[in-house]
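# Secondary and tertiary structure notes
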Protein chains: 2
Amino acid sequence: MARIVQKFGGTSVRDIAHIRRVAERVAAEARAGNEVAVVVSAMAGETNRLVDLCTEISPLHDTREYDSIVAAGEQVSSGLLALALQQLGVTARSWLGWQIPVLTDEMHGKARITSIDATELRQRMTAGEVPVIAGFQGLACGGPSRHGRIATLGRGGSDTSAVAMAAALQADRCDIYTDVDGVYTADPRIVRRARKLQAITYEEMLEMASLGAKVLQTRSVEMAMKHRVRLQVLSSFADVPGTLIVDEDEKVEQEVVSGITYSRDEAKVTLIGVPDRPGIAATIFGPLADAGINVDMIVQNVSEDGRTTDMTFTVPHSDLARATDALTALSETIGYARLVPDENVVKISVIGMGMRSHAGVAQRMFKALAENAINIQVISTSEIKISVLVAEQYTELAVRTLHSAYGLDHL
Amino acid sequence: MARIVQKFGGTSVRDIAHIRRVAERVAAEARAGNEVAVVVSAMAGETNRLVDLCTEISPLHDTREYDSIVAAGEQVSSGLLALALQQLGVTARSWLGWQIPVLTDEMHGKARITSIDATELRQRMTAGEVPVIAGFQGLACGGPSRHGRIATLGRGGSDTSAVAMAAALQADRCDIYTDVDGVYTADPRIVRRARKLQAITYEEMLEMASLGAKVLQTRSVEMAMKHRVRLQVLSSFADVPGTLIVDEDEKVEQEVVSGITYSRDEAKVTLIGVPDRPGIAATIFGPLADAGINVDMIVQNVSEDGRTTDMTFTVPHSDLARATDALTALSETIGYARLVPDENVVKISVIGMGMRSHAGVAQRMFKALAENAINIQVISTSEIKISVLVAEQYTELAVRTLHSAYGLDHL
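The numbers attached to residues start from 1 for each chain and follow its sequence in the written order. Working convention: letters from A go to chains and numbers from 1 go to ligands, in the order in which they are written. This being a predicted model, a pLDDT of at least 70 is required before a residue's local features are given, and a value of 80 or more before pairs of side-chain atoms are given or counted; all residues contribute to the totals for chains, interfaces and linings.

### Quick word on the overall build of chain A
Threshold: The secondary structure listing takes helices from DSSP runs of H or I that are at least 4 residues long and strands from runs of E that are at least 2 residues long, numbered from the N terminus. Radius of gyration here uses only the C-alpha atoms, and the compact-globule reference equals 2.2 Å multiplied by the residue count raised to the power 0.38. Burial in this document is a count-based property: other C-beta atoms within 10 Å of a residue's C-beta are tallied, and the residue is buried at 20 or more, exposed at 12 or fewer, or partly exposed in between, with C-beta positions derived from the backbone. C-beta atoms are placed from the backbone for every residue, and two residues are taken to be in contact when these atoms lie within 7 Å.
When helices and strands are counted, chain A shows 13 helices and 20 strands. The globule rule puts the C-alpha radius of gyration for 411 residues at 22 Å, and the 23 Å found for chain A is close to it. With the C-alpha coordinates aligned to their principal axes, the bounding extent of chain A is approximately 75 × 55 × 35 Å. Counting only residues that meet the buried cut, chain A has 49% of its 411 residues in that class. Summarising the internal contacts of chain A: among those between residues at least 6 apart in sequence, 75% fall at separations of at least 24.

### Some remarks on the interface of chain B and chain A
For the record, the criterion: Side-chain classes are defined by residue name, with Ala, Val, Leu, Ile, Met, Phe, Trp, Tyr, Cys and Pro counting as nonpolar, Asp, Glu, Lys and Arg as charged, and the others, Gly among them, as polar.
Taken together, the 31 residues of chain B in the interface contact 31 residues of chain A. Mapped onto the side of chain B that touches chain A, the elements with two or more residues apiece are α1 (16-31), α2 (46-57), α3 (63-70) and α4 (72-87) of chain B. With 10 residues, α4(B) is the largest single contributor of residues to the side of chain B that touches chain A. Residues belonging to the side of chain B that touches chain A are distributed by class as follows: 15 nonpolar, 11 polar and 5 charged.

### Points about the nonpolar core
So the rule is basically this: Definition of nonpolar core: a set of buried Ala, Val, Leu, Ile, Met, Phe, Trp, Tyr and Cys residues joined via C-beta atoms within 7 Å.
In terms of nonpolar packing, the biggest core is built from 258 residues, with V38(A), L81(A), M165(A), V38(B), L81(B) and M165(B) touching the most fellow members. Setting aside residues up to four positions removed in sequence, L81(B) forms contacts with V13(B), I19(B), V22(B), A23(B), V38(B), V40(B) and V132(B).

### Considering the sheet that holds strand β16 (residues 308-316) of chain B
Residues and elements named next belong to chain B. Selection rule: At least two bridges found by DSSP between two strands are what make those strands a pair. The axes used here are C-alpha line fits, helices contributing only the stretch in contact, and every angle between their N-to-C directions lies in the interval 0 to 180 degrees.
Taken in spatial order, the 4 strands line up as β15-β16-β14-β17 in an open sheet, and their pairing is antiparallel. The open sheet has two edge strands with one neighbour each: β15 (298-300) and β17 (338-342). Put simply, the sheet's adjacent strands are angled 15° from each other on average, direction ignored. Pairing between strand β14 (residues 266-275) and β17: 5 bridges, direction antiparallel. Counted as the bridge partner of I272 is R338 from β17. Contacting β14, β16 and β17, helix α10 (residues 320-329) runs over the sheet at an angle of about 180° to β17.

### Here's the deal with the relation of the copies chain B and chain A
Selection rule: Each copy is superposed on the other by least squares, with the fit set by C-alpha atoms of residues at a pLDDT of at least 70 in both.
For the pair chain B and chain A, the best superposition has an RMSD of 0.2 Å and corresponds to a rotation of 179° with a translation of 0.2 Å parallel to the axis. The superposition operator between the copies reduces to a two-fold rotation axis. Closest approach to the rotation axis within chain B is made by the C-alpha atom of A72(B), at a distance of 2.5 Å. Both copies present the same face, since 100% of the interface residues in chain B are matched by interface residues at the equivalent positions in chain A.

### Some details on the pairing of strand β12 (residues 243-246) of chain A
Residues and elements named next belong to chain A. In β12, alternate side chains face the same way, and those of T243 and I245 on one face and L244 and V246 on the other are all buried. With 3 bridges joining them, strand β10 (residues 199-201) and β12 adopt parallel strand pairing. Of the residues in β12, the one forming a bridge with A199 is L244. Sheet analysis places strand β11 (residues 231-235) next to β12, joined by 3 bridges and oriented antiparallel. By the bridge assignment for β12, Q232 is matched with L244.

### What to know about helix α7 (residues 202-210) of chain A
All names here are of chain A. Most of α7 is tucked away, with 7 of its 9 residues classed as buried. Looking at α7, one finds that the buried residues are E203, E204, M205, L206, E207, M208 and A209. Buried residues along α7 sit against β10, α8 (218-227), β12, β13 (259-263), β18 (345-351) and β20 (385-391). Phi for G212, located one or two positions after α7, is positive at around 130°.

### Structural notes on the packing of helix α4 (residues 72-87) of chain A against α4(B)
Put simply, the test is: Oblique is the label for any angle not under 35 degrees, not over 145, and not in the 65 to 115 range, which are roughly parallel, roughly antiparallel and roughly perpendicular in turn.
Where α4(A) meets α4(B), the axes come as close as 9 Å, and the angle between the chain directions of the two elements is 180°. By the angle between their directions, the pair α4(A) and α4(B) is classed as roughly antiparallel. Across from A72(A), Q75(A) and V76(A) in α4(A), the residues of α4(B) making contact are A72(B), Q75(B) and V76(B). Split into classes, the residues belonging to the contact of α4(A) with α4(B) amount to 4 nonpolar, 2 polar and no charged.

### Some thoughts on the sheet that holds strand β5 (residues 113-116) of chain B
All names here are of chain B. Strand order in this open sheet of 4 strands is β5-β4-β7-β8, and the pairing throughout is mixed. Each edge of the open sheet is held by one strand with a lone partner, namely β5 and β8 (149-152). With strand direction ignored, the average angle separating the axes of adjacent strands in the sheet is 45°. In this structure, strand β4 (residues 102-104) lies alongside β5, joined through 3 bridges in antiparallel fashion. Its bridge partner being in β5, L103 is matched across the sheet by S115.

### Some thoughts on the confidence of the model for chain A
Using the following cut-off: For every residue, the predictor reports its confidence as pLDDT, a number between 0 and 100.
In this model, chain A carries an average pLDDT of 92, and 98% of its residues clear a pLDDT of 70 or more. Both confidence scores are given for the complex: pTM 0.86, ipTM 0.84.

### A word on the packing of helix α2 (residues 46-57) of chain A against α4(B)
The condition that has to hold: The sense of a crossing depends on the near helix, which, turned anticlockwise from the far helix by less than a right angle, makes the crossing left-handed and, turned clockwise, makes it right-handed.
Interaxial distance between α2(A) and α4(B) falls to 9 Å at its minimum, and their mutual angle equals 20°. Here α2(A) lies roughly parallel to α4(B), going by the angle between them. α2(A) and α4(B) meet at a crossing whose hand is right-handed. Where α2(A) approaches α4(B), its residues L50(A), L53(A), C54(A) and I57(A) are matched on the opposing element by V76(B), L80(B), L83(B), A84(B) and Q87(B). Each residue belonging to the contact of α2(A) with α4(B) can be placed in one class, and the counts come to 8 nonpolar, 1 polar and no charged.

### Thoughts on the environment of K367(A)
With respect to the helices and strands, the residue K367(A) is situated in helix α12 (residues 361-371). Remark: the alpha-carbon pair of K367(A) and L216(A), spanning 151 residues in sequence, is separated by 31 Å.

### Focus on helix α12 (residues 361-371) of chain B
Residues and elements named next belong to chain B. To keep it simple, the criterion reads: This arc describes the spread of directions from the helix axis toward the C-beta atoms.
What α12 keeps buried is the set V361, M365 and L369. One side of α12 holds all its buried residues, which, seen down the axis, span an arc of 65°. Facing away from the buried surface of α12 by more than 90 degrees, the exposed residues are Q363, K367, A370 and E371. Close packing links the buried residues of α12 with β18 (345-351), β20 (385-391) and α13 (395-405). A373 occupies a position one or two residues after α12 and carries a positive phi of about 60°.

### Brief notes about unusual backbone geometry
A cis geometry characterises the amide bond from I100(A) onward to P101(A), with omega recorded as -15°. As for its placement among the helices and strands, P101(A) is situated in the loop between β3 (92-95) and β4 (102-104). The backbone of Q170(A) sits at a positive phi, close to 50°, despite the residue not being glycine. Inspection of the secondary structure assignment puts Q170(A) in the loop between α6 (157-168) and β9 (173-178). We classify Q170(A) as exposed; it has 11 C-beta atoms within 10 Å. If you check the backbone angles, F136(B) has positive phi at about 75° while not being a glycine.

### Notes on the environment of D187(A)
Residue and element names in this part refer to chain A. The residue D187 is located in the loop between β9 and β10 in this model. Since 21 C-beta atoms lie within 10 Å of it, D187 is described here as buried. Sequence separation of D187 and G259 is 72 residues, and the distance between their C-alpha atoms is 9.2 Å.

### A short note on the pairing of β20(B)
On a regular strand, one side chain projects to one face of the sheet and the next to the other, so that they alternate. Residues and elements named next belong to chain B. Among the 7 residues in β20, 6 count as buried, and that is most of the element. As defined by bridge partners, strand β19 (residues 378-382) adjoins β20 across 5 bridges and the pair is classed as antiparallel. Considered in β20, the bridge of S382 is made with K385. In textbook terms, the turn of a hairpin is the stretch between consecutive antiparallel strands, and for β19 and β20 this stretch comprises 2 residues.

And the structure:
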């Protein structure tokens, strides 16, 4: 007997027929003698529909109202799944964020969970009831509880709800059911010979999530790592083993490289003719940080004349306009000659715990790309990943080339 | 300066353009120096969509889950209207039933409001904030408040929410904005010369609502009468005066008859050859009452042979199958010869406070119908209304004839 949290994404509950199939899966786990709690996303398309309604009224909307509106999606799907479970003879009830409560901070639209009181849920699970929890939502509780407002956790937040719930329930496992059947060595839509990983470490998954793999929300992985929640990613549609996300020492076989990711959500900014003096980086990046713009890769060219240099960095695609506006306003303070924005870039990353103990991993990457005449524009590395920025048209070629170069191809 | 509750129905908030127009109307009232609270229904079609989802999963569903699901409609519309008001520079926030809280009993699906704590709302209104309250919903609070469940008040329940809120806020007026511009002497789709009433008494409105006029939920009128809430029915779309629902002594001009209504939601059952013995009515109607079937008009024929009689009564159309099932099962106990159901009937009613002090009102009705060869099947009367059951094909003819006979035609 185990205590399990199962999370189902929007495509898994996209209509009544799918909700019925999810209910069958939950019922099977419960009938096998396990204590089960379910976390559910909104029916596919519903969150977008609600976000669009908000944006149509007001592009810069009050995020507290936005949260109350978009949280309605999970309110509907959790109720429907509870009904479907009852139809199968399973004792079940829906739980909204404010009912449990799942308390959050006041950062509406991208709130963070601060605490979960799982006492009542745990008692009911022991008594054989299946709680069906609305994902993505919590209660931002400034004042007395009944005046609290609904807060949402940001897109993909139901993953985080599920992991937080698993931690609060001290669950043995948190199963994330989605429309892919696990974590792959690369996006299978690009690399036909990509392999599904049996297991991956938290650290690798964290890098993969933040470097472009869309299978899990980054924050949910952070939280699973922190609370040592055993995560599993698997398919709602196929009955095949998924990918386990585990501690490093639980992973028997450790490849040098576990996966190749790409992210098109990048834009490059180059400042040409920047005065080469101490403190210039702070002059440039301070105002960007103040504007809430997250600068990722940075490279400062070697100054040829000793007086000026070029500075290149990347920002999220959606922040490019604000970044160029901020820097144009500062052109005299910084004293650069020219600003060159470039949206035609992609970040390709190679990720693997094994990198720490293997030399030549980066070298193999640079060589493989060079052999295919792919020019590297910026490089950034960490202990377990190497990322390069290249022109966007090389996305597929670069990912496939590296997948082969590191011996990841399925035979 | 007045304190006003404005209620907008589903067609008034059916899309973003309409929500904007509603916001303009609320803003105008607030800018005129009034304290305004708004109660809002779900966007037109949304409640039906959610009800259909529930029914698709399970026709006999857990009403607690049903309530949580369908209440999402008002959660969305209240948030959107709050955003639209903010866009116009009005300080506004949405309020869900559990946030206020609006407490109800545990009769999920058709709950009754037990209490409303309007302290916080009143304070904020005094400070210039407009609360936008999700209608139709409350919190059924069995145990500790955070484990309470969402409860809904039944179809049309937002009218009741608005009146209850007006009572709790001690509002000077409760304006019900809808897709008609007031209460008419008869359905204008049938009687072209129907007149809009400037004012009508609570008692008359209550009879009209329960006898077929769809403009207000019956329970909301009861509640307005009990708490002496000044109600007004008016159009969201046209800027014309509506109909005031008032105390009898506030109504200056009192017609004998205020309106003619019809209800097609009737079915007639005749039991032929019922033994004419004491207690027979209890034998028939007891089991129907136990099955929750509401019997309306009843007529027992004079027994010709002193041994058997015929018994005729009406039930709601939707209960006819259950009523005939129950009576068929009891055929031996009751001992009737034959059961004749008839769905081809309509109830036509004439309503007016003036009836109490005028003789000949019923006589005029019977005469007018007879002159048009409309046969009366059953009659029932109260102090301020006369209802007759006639064959359904006479609906329009009967309503028009009576409208003229009582001098209600618009000149």
